[in-house]
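Commentary on secondary and tertiary structure
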Amino acid sequence: MTERVHITTAIFYCNGAPHVGSAYEALAADTFARVLRRKLGHNQVTFLSGTDEHGDKIRRAAVAQGLAPKVYTDRMSEIFRQAFAGLNVTAAARETPAVDFWVRTTDEVHEKFVQQMLLRTYQRGDIYFRDYEGLYCVDCERFYTEKELLPGNLCPSHNKAVELISEGNYFLKIEKYRGQVLAHLKSNPDFIRPERYRNEALNMLAEPLSDLCISRPKARLDWGIELPFDTNYVTYVWYDAFWAYVSEPATRMGLETFAREIWPYTEHFIGKDILKTHAVYWPPILLAAGLPLFRHLNVHGWLNFGGARMSKSSGNVADPVSYERTFGSDVLRYFVMREIVYGLDGDFSEERLIERYNADLANDLGNLISRVLSMAARYCDGQVKTAPQRVLDGAYEGVNWSAIERLPTPVIDRVAEDLDFKRALDDVWAALDAGNKYIATSAPFNLAKDPARLDEVAQIIANLLEALRVIADALQPFMPVTARKIFELLNIDQSRAHAPYGDGLKPGHKVRPPVALFPRIEKTSKP
Ligand SMILES: [Zn+2]
């Protein structure tokens, strides 16, 4: 069977607009999806994102705006979807509906599926009812044990007093599955990656767990999915939201097929703030429903902005839509993937973004494209006059041509195997460096003054045009719009775009005159 992969972002809780931090996660997942589609075939990769729309925080955000919760989430979900679609996240753009999913937890398909999973788990005996008295944080929508709270019974996330609540509720047996989850982590060392997060998860699973309360009495909160076995309750928003990873594709292709052929190859992309829910709660929820575990939990760090974590609650946010409108979608995509090491915290600043824009995009990339295409127009009538050749490393001083020739393989491998987006882009920039140095040292503009050396000039230009083609191919998962523009300038269709170096441009092929893809930004323009 051909390998298939299912990629998900977190399901975004839409009680406020998306920020660059949430966009970063969608962009990492999208780049990964594009790389795997390049490697395995487009339709072998399903890619899913969406919005988490139930729970008390959403209900209260809606009330604050004088709206019914569903009217509010219709609006907010679309704001998220359009922000990510504007950045060419294919799941949000629903670019290929058969494999790109934008799931809303208020969709009927999703709600029915969650009820099906609740019933299935209940019938298997892993959900039980008991009276419960506990310390509850309204903002977290969860109960805390005393030892989890800050002194004075304050919520550790919100630093505000929790309330003592007594009520009957339904619980999921998660302690029952702790040993199995722990064994899975131990026998699959990269189940949670990078390793630092695996170690955190192992610690979280080292002590016995309290069973998870998965219901809320409607008397207290009715904005949720009704329990199929007790109409006085809705299900806990987290239990509901996890199933967004599964509900639509499983409904479309049938649960058994999905569980066998797709689900075990799932790659979750999440932020480190929701490591615990995904490492401790989600695996037992799956096992209790009789489903297998996913393949990887890929955990990223936080994006800092002006020195502090970017988050909705702190109000310390950069708006991805304004960056997309000011610089174009590819610039934000490029910046976050080049600047941040996946798994570690990173800094976002507009000054740095403009620095990278000018140095990397305007100079290294933009100049190479325009110089090669203008020389092709001037010296070769815009034609590939001869078959592109390999250039031996060292034949021109400082030119490491193999950085070009081996593309896109190292880029695909670094992303597909190691989530090393940054080094993948370093590899592309090593190729750009080789191209720029080759122009400087072979100096076709000087050779062209001697009519006897025009063949040599034609060879150099052919090599450089072919180099642009493989560079565009390697850049495509990161910068899809830019890659498309380069292919258009090279006048090449998708059938030739992905060939190895030397098999793309043929003698007689016509290319187009240059256009400036990344004009320099002279001073800070506030988006
Ligand atoms: Zn709280």
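The model shown is predicted, which means the values in this text are computed figures rather than measured ones. (Residues numbered from 1 in each chain as written. Predicted model: local features only at pLDDT ≥ 70, side-chain atom pairs only at ≥ 80, totals over all residues.)

Further remarks concern the overall build of the chain. Each helix and strand counted, the chain has 21 helices and 16 strands in total. Taken over C-alpha atoms, the radius of gyration comes to 26 Å for the chain, in line with the 24 Å a tight globule of 527 residues would show. C-alpha atoms of the chain, sized along the principal axes, occupy 95 × 50 × 40 Å. By residue count, 44% of the 527 residues in the chain fall in the buried class. (Helix = DSSP H or I, 4+ residues; strand = E, 2+ residues; numbered from the N terminus. Rg over C-alpha atoms; globule rule 2.2 N^0.38 Å. Buried ≥ 20, exposed ≤ 12 C-beta atoms within 10 Å, placed from the backbone.)

This part covers the sheet that holds strand β6 (residues 163–172). The strand order across the open sheet built from four strands is β5-β4-β6-β8, with neighbouring strands paired in antiparallel fashion. One side of each edge strand has no neighbouring strand; the edge strands of this open sheet are β5 (142–144) and β8 (212–213). Pairing of strand β4 (residues 127–137) with β6 involves 10 bridges; the strand directions are antiparallel. What sits directly across from Tyr128, in β6, is Phe171. (Pairing = 2+ DSSP bridges.)

This part covers the packing of helix α19 (residues 454–475) against helix α20 (residues 480–489). Interhelical geometry of α19 versus α20 gives an angle of 155° and a closest axis separation of 8 Å. In terms of axis orientation, α19 runs roughly antiparallel to α20. Considering only the axes of α19 and α20, their crossing is left-handed. Listed contacts from α20 to Leu468, Ala472 and Leu475 of α19 are Thr482, Ala483, Ile486 and Phe487. Classifying every residue of the contact of α19 with α20 by side-chain character gives six nonpolar, one polar and no charged. (Axes fitted to C-alpha atoms, helices over the stretch in contact; angles between N-to-C directions. Parallel < 35°, antiparallel > 145°, perpendicular 65-115°, else oblique. Left-handed = near helix turned anticlockwise from the far one by under 90°. Contact = placed C-beta atoms within 7 Å. Nonpolar A, V, L, I, M, F, W, Y, C, P; charged D, E, K, R; others polar.)

Its 14 residues give helix α11 (residues 275–288) an end-to-end C-alpha distance of 20 Å, which sits within 8% of 20 Å, the value for a rise of 1.5 Å per residue. At Tyr281, α11 shows its largest kink, close to 35°, and the proline Pro283 lies no more than four residues downstream. A large share of α11 lies buried, amounting to 10 of its 14 residues. Those residues of α11 that sit buried are His278, Ala279, Tyr281, Trp282, Pro283, Pro284, Ile285, Leu286, Leu287 and Ala288. Positioned one or two residues after α11, Gly290 has a phi angle of 80°, which is positive. (Expected span 1.5 Å × (residues − 1). Bend = angle between axes of the 7 residues up to and from the residue.)

Here the chain is partitioned into domain 1 (5–116 + 238–337), domain 2 (124–217) and domain 3 (350–497). If you average the C-alpha positions of domain 1 and of domain 3, the two centres end up 35 Å apart. Taken together, the 19 residues of domain 1 in the interface contact 18 residues of domain 3. Elements supplying a minimum of two residues to the side of domain 1 that touches domain 3: α1 (20–40) and α13 (329–339). Looking at the side of domain 1 that touches domain 3, the element that brings in the most residues is α1, giving eight residues. By residue class, the composition of the side of domain 1 that touches domain 3 is nine nonpolar, five polar and five charged. (Domains from an automatic or database assignment.)

Before going further, it helps to examine the nonpolar core. If you look at the biggest cluster of nonpolar residues, it comprises 153 residues, and the most contacted ones within it are Ile461, Leu465, Leu468 and Ile471. Counting residues per element, this core draws most heavily on α19, which supplies 14 residues. Apart from residues no more than four positions distant in its own chain, Leu465 is found in contact with Val372, Ala376, Val384, Leu490, Leu505 and Val511. (Core = buried A, V, L, I, M, F, W, Y, C linked by C-beta atoms within 7 Å.)

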